Amino acid sequence: MSTERNPITQAWERSEASYSISFDARSCKALTAHDFFIFGYGRNLELVFERWTMPCVKGSYCTTRDLPGTTVGVPAPESATLLSIEGGTYIPVDQRSRLQALPSRVEVYRGTDLTSVSAWNVDPEGRFLFACSTAEGVLLRIDLNEPQVLVIYTSTELPILTSVLDINPVKHTTMGRGWSLLGAGAEETYLWDFDNDGVTDQVESLTAAENATRYPFSSFIVPIP
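Residues numbered from 1 in each chain as written. Predicted model: local features only at pLDDT ≥ 70, side-chain atom pairs only at ≥ 80, totals over all residues. Heavy atoms only, no water.

Undergrad: Where do I start with the packing of aromatic side chains in this structure?
TA: Enumeration over the complete set of coordinates arrives at 16 aromatic pairs. Ring plane angle 75° and centroid distance 4.9 Å describe the contact between phenylalanine 130 and tryptophan 179, whose orientation is recorded as edge-to-face. A residue pair is termed long-range when its members are at least 10 positions apart, and phenylalanine 130 in strand β10 (residues 128-133) and tryptophan 179 in strand β14 (residues 176-183) qualify at 49 residues. A network of ring pairs unites the aromatic residues Phe39, Tyr41, Phe49, Tyr109 and Trp120 as a single cluster. (Phe/Tyr/Trp six-rings, centres within 6.5 Å; stacked < 30°, edge-to-face > 60°. Helix = DSSP H or I, 4+ residues; strand = E, 2+ residues; numbered from the N terminus.)

This is how it looks when you write it as structure tokens:
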């Protein structure tokens, strides 16, 4: 479902499209409105991650991201989301082609390296996915530019992995890029990546009170550029 503001009338216009999917979809994370990932479980309870790239319809707003295409371990420039109108001129929703655009779908992972996923997210530069499992106490990295799946941390190294509720990329005004792992007790562990190469340079685990003092919300750049 898409909602767009007509630049001439300033009215909001909505369009919808429906697609079938071949596995039990549970959640979605986006790089842009036209480039997103869907997670779910396959027929044999294997984990499935698919990448959907939606074509931009003529006359509609189009979102793209200038991904560097680098592999993990190579410092990458920060990407940015770009907004444009496909074809240059906005066409009202009710005047566009009625042919439904078909997405490009790529299965980026199907396997049983984890039995379940409690939290996951995608790297803003499109290099990898992080997937956490509280049942197994594991943080898994699924690389997107090369066929590699690695256990990055276990709960022995990061105790928060036994209770993690959410994982998100962050951009701090002084610390730079990193990842925030939120625990069930509102504690947070940060994986700081100073040179943005996808490899953790510093781990910082804080209680809820420590985090509120050291890293108030105002010290983060939102949304991530």
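Undergrad: I would appreciate a short explanation of the environment of glycine 42 in the present structure.
TA: Secondary-structure assignment places glycine 42 in the loop between β4 (35-41) and β5 (47-53). For the pair formed by glycine 42 and serine 22, sequence separation is 20 residues and the distance between their alpha carbons is 7.9 Å. Each residue touching glycine 42, except ones within four places of it in the same chain, is listed here: Phe23, Val48 and Arg110. (Contact = heavy atoms within 4.5 Å.)

Undergrad: Whenever I open this one, the sheet that holds β4 confuses me. Can you help?
TA: Strand pairing in a sheet takes place through backbone hydrogen bonds and is either antiparallel or parallel in direction. Within the open sheet, the four strands sit side by side as β3-β4-β5-β8. Their pairing is antiparallel. Two strands lie at the open edges of the sheet, namely β3 (24-32) and β8 (104-111), each paired on one side alone. On average, adjacent strands in this sheet sit at an angle of 20° to one another, irrespective of strand direction. (Pairing = 2+ DSSP bridges. Axes fitted to C-alpha atoms, helices over the stretch in contact; angles between N-to-C directions.)

Undergrad: Mind showing me how you'd approach the state of the cysteines here?
TA: Every disulfide links exactly two cysteines, by a covalent bond between their sulfur atoms. Taken as a whole and judged by the stated rule, the model has one disulfide. Between the sulfur atoms of cysteine 56 and its disulfide mate cysteine 62 the distance is 1.9 Å. Between cysteine 56 and cysteine 62 the disulfide shows an S-S torsion of about 60°. By sign, it is right-handed. Take cysteine 62: its relative accessible area is 5%, and that puts it in the buried class. Cysteine 28 forms no disulfide, and the closest cysteine sulfur to it belongs to cysteine 56, at a distance of 16 Å. Residue classification places cysteine 28 among the partly exposed positions, given a relative accessible area of 45%. Note on cysteine 132: no disulfide assigned, nearest cysteine sulfur contributed by cysteine 28 at a separation of 18 Å. (Disulfide = S-S within 2.5 Å. Buried < 20%, exposed > 50% of the residue type's maximum accessible area, 1.4 Å probe, protein only.)

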